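# Observations on chain architecture
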Amino acid sequence: MRPILLKGHERSLTQVKFNREGDLVFTCAKDNVASVWYSINGERLGTFEGHQGTIWSIDVDQSTQYAVTGSADFSIKLWKVEDGTNVFTWKTKTPVRRVEFSPAGDRILAVLDGVMGYAGSVSVYELKRDAQTQEVVDVVEQPLFDILTREGFEIAAVAAWSFGGNYIVAGHKDGKVSKYDGHTGDFVDAAELHTQSVSDIQFSPDGTYFITSSRDSAARLVDMETLEVLKTYETDCPLNSACITPLKQFVILGGGQDAKDVTTTSSREGKFEARFYHKIFQDEIGRVKGHFGPLNYVAVSPQGTSYASGGEDGFVRLHHFDKSYFDFKYDVEKSAEAQKHMQELESAAA
Amino acid sequence: MATSALEDIRIEDIPVDDVDFSDLEKKYEVESPVNFDNFVVVDGAPVAPESKVPVLTKVLTKLFSQAGSVVDINLPLDEEKKTTKGYLFVEFDSPASARKAIKLLNGKKLDVKHRLFVNSLTDVEKFGTEDFDTEFHEPKLPEFQKTDYLQSWLQDEQGRDQFVLQKGELTGVFWNRNTQQPENAVEPRTNWSNTTVKFSPKGTYLFSFHNQGVASWGGRNFERLRRFFHPQAKALAISPTEKYLVTLSPEPIVVPEDAPEDFPFGPESNGHQLCVWDIATGLSVKTFALPPNQRLHWPMIKWSFDDKYCARLGPNALAVYDAENNFELLGGRIMKIEGIQDFSFAPAGAKLAVNRNGELSSVLAFWTPESNNQSCKATVMEIPTRRVLRTVNLVQVSDVTLHWQNQAEYLCVKVDRHTKSKKTFFSNLEICKLTEKDVPVEKVEMKDLAVRFAWEPKGHRFVTISTTETADDNPSIPKNVVTFFAPEQKEKTNVAVKAEPKKWKAFASVPGKFSNTISWSPAGRFVVVATLVTPDTRKADFDFYDFDFTGDKNDNDSDDVAANLKAVAHPEFYSATDMQWDPSGRFVAVWSSAVKHKLENGYKVFNVAGECVREEMIEAFKNFVWRPRPESLLTNGEKKKVRKNLREWSAQFEELDAMQADSAMRELILSRRSMLEGWTQYRQDRAALMEEEYNYKVFDQVEHSTADEDYEVVEEIKEEILEEKEEEVTSFEEPTSSE
Amino acid sequence: MSEVSVPPTQVLENPDGTKTVVSYRVENGKKLRVTQKVREIKVTEKVNKSVASRKHWKKFGAEANSAPGPDYSTTQLGEELLLRLGTSWKKLEEEEEQKAKEAKGGEKLITCRTCGGNHYTMHCPFKDTLGDASAAAASSAAADPAVESEAAAGALETGSIIGGKYVPPSRRAGARDPSSNNNFDAYRDQRERDDAKTLKIMQLNENADENTLRYELLFPFGRIPKVVVVRNRETGRSRGIAYVTFETEEIAETALNFLNGRGFMNLILNADWSKPKVKE
């Protein structure tokens, strides 16, 4: 496996995303510029320029027509992916920590920081699209609703849409995870899943369960419906990101000691590795090294054939898995599959 | 005094000679009883006028004298008609003669009209009385003895094989567990058998030897099923379908006069040494006397593949019996074959070219040596038609052996020949192709004398061991050559060429061996050519060969054959005396038996790659016997499917193996299994819930259209690294070289 | 956090159409220069139509004027990585690292079983003097006692380390009687004792090798610690002489009576003590 190094950013990466077909990689960093790359060879298609501060978050819609970025410059920008033009800009009260398109692409959630007297919120903005072409025909400037930080909760750090945009799940700085109605913003449920800030929430491909990562060094697989913890992955370093791999029953975790603590230590000691865990058996099954600083974000292509990590070191490392990755299975899995296969054959014969 | 007078009389003085005892004798005379056993009653004699009585008496006396000396013959007369009554009484001098008369003359046809019925007088008395019950009573059948399911071992969940280990007086049956300690199938028993034990060809029965005969055992706990009473039985053989058992004892059978009711043999078996039994019922079905002055070749009775026929070799003759017809001689007579040396049945039904509808023929082959006006001949004959399918004429022959391929596709007639001077010997292989029209024969000429020959089971290839003749007769110089044969294959790609006759070619050979045994895996492909310890060889060795090696480099001398030979391994076991493949063809057991020598007794089990998976050195270790299995019930199609899904199967088996290997692993695997099941269950529950609550279908993978029209071929530019080097530099300002 | 001190990547065009990419990085405080020779290749691929249409998009933003294909200043192939999945990945990786370290440092890859030195056992300078216990018995007593004891001590020390497994001193190669203060004496004693139970068997069949002797001639005599067939150095042919060491002197004596004059492999054997017995 030979990774491709994407070196277009001058400062730490903040988020990395694949589009639905996995052919493009969207990256944003603290250098105010977001980039889009062809995943096959790491060639850069272009950059989205216009933000005045760190871009904390980026997302792309299902049809790869529009990208959205949220920045520390108190704005959310909507971009046309094809040519990089800035379609619209929402002004926000506070810096934007996280943005995400709803699965249908008609809404955008934004996690707004709680500074300057603002309580912090998860705000939802609305787009009007042409039913045929999916082209954005109108943009609503005011948010559809704001989910203000609730009493007893610290502000949200991250948030994500569940399947169909039915729910919004937010991860808070105090380690809590809360769940809201995706259409009204009404509070549904909450759970204390971590002891420290939740650093990332990424959903399963079908949006029915998700993985949280936290600065408390653990990652948890959580059922969306009940917020029940399905699996826990314990590590030895603060985690910044976690994703669920399609195709294989794995999860990838990324993190590392904070930059300021590790300048003198070696990369090994700083734990700057992507960690692979078996999603079901919870065993750590491998690591990929390469970054010189903590991994700020890990993302896997929806096809499950490649993953990208964005590091504090300013690099994106894009990996296309090779055969051994796809071949790896626990004996238990193999035999279960074999049994299933045999049963299918038998029932087909009968 | 009277007493004094008595004292004077001395016994000696009393005269006895002239005392008359006749009255006493008369009083106590015992009349010699009329021995009715000496009489026979004859019915069906002609009714003759009184005048003809002397003639008739004379004729009949003469007739009955054949059986023994006739003491008296009595033809009662009808006083009114003045004729004989048509019956008569004959008195013989002994019961034996009377019995012989019954045997000889009962049913004898005197002329067209008269048939004699001869019965013993005692029988007439016995059956003729009023008391004799003439009503038919169902014979009492012995109550049905339920046995355990005899093929229970085939139902083992893991499909393991069983084997017998014998050590000292102990005999045990075990489950093969690969590298692990074998598991008892039953508690080892002492003195289970006087000598060795033997399984039937499909593994259903286990036979043991005892002073009183042979016993069969079976079922889950190896309970005794039947006893076969044959005192001092020394050898046994079982017919291919496990229907009949043949036992041989050096002691001729003696049928006592007052044989108990359950005595297995009738009087006709007196003096016989060879018995055929029905295994299921335990009854003797036929006994044979041994032909005089014949060398004993075991088995002495050979069976056709379906047990319908069996045959025995006699002097200048072959006796074929119809087993389904009370073991009558086929066609009522033995087959005269001048000088017949040996014969054998095909081990399977032959698919002869003339057979329609997949019919299978019983085929046997035999050979006769050269005689004054005849060349040496090997003959292939169909049974019961006695149709000669093929005769192979041979000259300058010193010996012939017959080797059937196990599916009866080929018969190899190995002909050991000599030059005219009879100084050098060499072998020809005449291979009869039974499935082809007119049974063509393919000849393979060898330079040396082949001493061993073995067909690949279910295959077309074979291995020979031949001896080179050298001037040096130092026994420590290895002289044997192992040669590998396979059908020629002109072009590997062109399989369609069918018309070309199949020709065999020696494609590899290994000289300088002591090898004396060829042992093919029952599944084919793998063969072990071994030297086993015999009185002539003191050091065993083993060579494992793979005929279908999948790697690049093979050991073939020529490549135009359907084989890819590779010497896989040469494991060591210097003291080994015997070897046997397991029925699955995956393991081969090799053992050093204390019966043969006392050096390093024990066994080793190797896998096909020649790796020792199990090894146990046991003092007084005697015997290792794999339990055979019946043919698989799977059709070829099903087997193909299994091969196709081999990966799936092996995944399951590997897991099982790992679980057996150690208990911690077992725990781990079980917990993982439950985790996996738990996850699958969770996903199923969610799928149901989402469907119901939100009308949403869960999935694990983003679906993309697979339709061709949605796809397009594009060209990409990619980088490829040709060279890469990384070096430590003291300073980045260093000038860089361009290359 | 980008490396301010690291110079930018240099790309040099080679005449054969390839490019040489020189990049720099800092790892573990070491400055590293990576030189890659790269060739651009074209590959065709079957992709979804929407993906294909995106392939034809014009570059924009900072890349607006770039040529097609990856730009070396922003895209570079990393070093080959091995992602070996498995529950025991850690162990494997550590082993790998250990190996790499050894390969790099030219550290002990080969360990002599005799002295623990960095050479093959067969090349060991102490081979003849140390050997294993049995080899010692057969060797001539030409070695310098000082070298010997020193090396023996070395062997004792290293023996416990090399195998990674604990081996009791008495069972290590070159082990000596620990009760003896002087290794050399112990060694000599042993040699003498051995001579006392060793037979020289002559007029052997040339085809009889050690195993043949063990299994076909000597098996009645229990464990045979050592059999050596004397061979011609060049041809490897047996010279028909063998030295056999038995467990005890008594057995050796029985064997002598049994073997002398006995026929074996068509020849009449001649057996004697390996050297006239020294009566003290």
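Located above this text is the structure these notes cover.
All of the points below concern the structure found in this document. As the structure is a computational prediction, the values presented were derived from the model and not from experiment. Numbers given for residues are sequential positions, taken from 1 along each chain in its written order. Throughout, the order in which chains and ligands are written sets their labels, letters from A for the former and numbers from 1 for the latter. Given that this is a predicted model, residues contribute local features only at a pLDDT of at least 70 and side-chain atom pairs are listed and counted only at 80 or more, while totals for whole chains, interfaces and linings are drawn from all residues. Side-chain measures were taken over the full set of non-hydrogen atoms in the model, leaving aside hydrogen atoms and water.

### Digging into the packing of helix α7 (residues 646-661) of chain B against helix α8 (residues 663-694) of chain B
Residues and elements named next belong to chain B. Axes here refer to lines fitted to C-alpha atoms; in helices the fit is confined to the stretch in contact. Angles between the N-to-C directions go from 0 to 180 degrees. Helix and strand assignments come from DSSP, with helices taken as H or I runs of at least 4 residues and strands as E runs of at least 2, each series counted from the N terminus. Where α7 meets α8, the closest approach of the two axes is 6 Å, and the angle between their N-to-C directions is 135 degrees. Judged by the inter-axis angle, α7 sits oblique to α8. Across the interface between the two elements, Glu655, Ala658 and Met659 of α7 pack against Met665, Arg666, Ile669, Leu670 and Arg673 of α8. Lys, Arg, Asp and Glu make up the charged group, whereas Ala, Val, Leu, Ile, Met, Phe, Trp, Tyr, Cys and Pro make up the nonpolar group; the residues left over, Gly among them, are polar. Residues of the contact of α7 with α8, tallied by class, amount to five nonpolar, no polar and three charged. Here the angle decides the label: under 35 degrees means roughly parallel, over 145 means roughly antiparallel, 65 to 115 means roughly perpendicular, and every other value means oblique. Residue contacts are defined here by distance: any two heavy atoms, one from each residue, within 4.5 Å place the two residues in contact.

### Quick word on the interface of chain C and chain A
Each partner contributes residues to the interface: chain C has 44 residues there, and chain A has 56 residues. Buried area, as used here, totals the accessible surface that two parts lose on assembly, with accessibility defined by a 1.4 Å probe and the loss added over both. Here chain C packs against chain A, burying approximately 4200 Å² in sum over the two surfaces, 57% of which is carbon and sulfur. We define a salt bridge as a contact between a side-chain nitrogen of Lys or Arg and a carboxyl oxygen of Asp or Glu at a distance within 4 Å. The tally of links between chain C and chain A comes to five salt bridges. A salt bridge links Asp23(A) to Arg54(C); the nearest nitrogen and oxygen atoms lie 3.0 Å apart. Among the secondary structure elements, those contributing two or more residues to the side of chain C that touches chain A are β2 (19-27), β3 (30-48), α1 (49-55), β4 (75-77) and α2 (89-105) of chain C. When the residues that make up the side of chain C that touches chain A are grouped by side-chain class, the tally is 14 nonpolar, 15 polar and 15 charged. Taken together, the three bridges between strand β1 (residues 4-6) of chain A and β4(C) define a ladder with antiparallel strand orientation. Residue pairing for β4(C): Ile4(A) is matched across the bridge by Leu77(C). Between any two strands, at least two bridges found by DSSP are needed for them to pair.

### Description of the packing of aromatic side chains
Centres within 6.5 Å are what make two rings of Phe, Tyr or Trp a pair, Trp counting through its six-membered ring; a difference in plane orientation under 30 degrees is then read as stacked, over 60 as edge-to-face, and the rest as tilted. Counted according to the given criterion, the structure contains 65 aromatic pairs over all chains. Taking the centre distance of 6.3 Å and the plane angle of 75 degrees together, the rings of Tyr209(A) and Tyr682(B) count as edge-to-face. A residue pair is termed interchain when its members come from two chains, as with Tyr209(A) in strand β20 (residues 209-214) and Tyr682(B) in helix α8. Per residue, the accessibility class of Tyr209(A) equals that of Tyr682(B), and both read buried. Chaining the aromatic ring pairs together yields one cluster made of Phe250(A), Phe276(A), Phe281(A), Tyr307(A), Phe321(A), Tyr325(A), Phe326(A), Phe328(A) and Tyr330(A). Above the plane of the ring of Trp192(B) lies Arg189(B), whose end atom (NZ or CZ) is 4.0 Å from the centre. Exposed residues in this analysis have more than 50% of their type's maximum accessible area, buried residues have under 20%, and partly exposed residues fall in between, with area computed by a 1.4 Å probe over protein chains only. Charge-over-ring contacts are defined here by two conditions on Lys NZ or Arg CZ: a distance within 6 Å of the ring centre and an angle within 35 degrees of the ring normal.

### Points about unusual backbone geometry
With the exception of glycine, the majority of residues adopt a negative phi angle, and the majority of peptide bonds are in the trans configuration. Backbone torsion omega between Trp298(B) and Pro299(B) reads 0 degrees, so that peptide bond is classified as cis. With respect to the secondary-structure elements, Pro299(B) resides in the loop between β18 (284-288) and β19 (301-303). The omega angle of the peptide bond from Ile383(B) to Pro384(B) is 5 degrees, so this bond is cis rather than trans. One can find Pro384(B) in the loop between β26 (376-383) and β27 (387-394). Positive phi, normally seen in glycine, also occurs at Ser217(A), with a value near 75 degrees. With respect to the element layout, Ser217(A) can be found in the loop between β20 and β21 (218-223).

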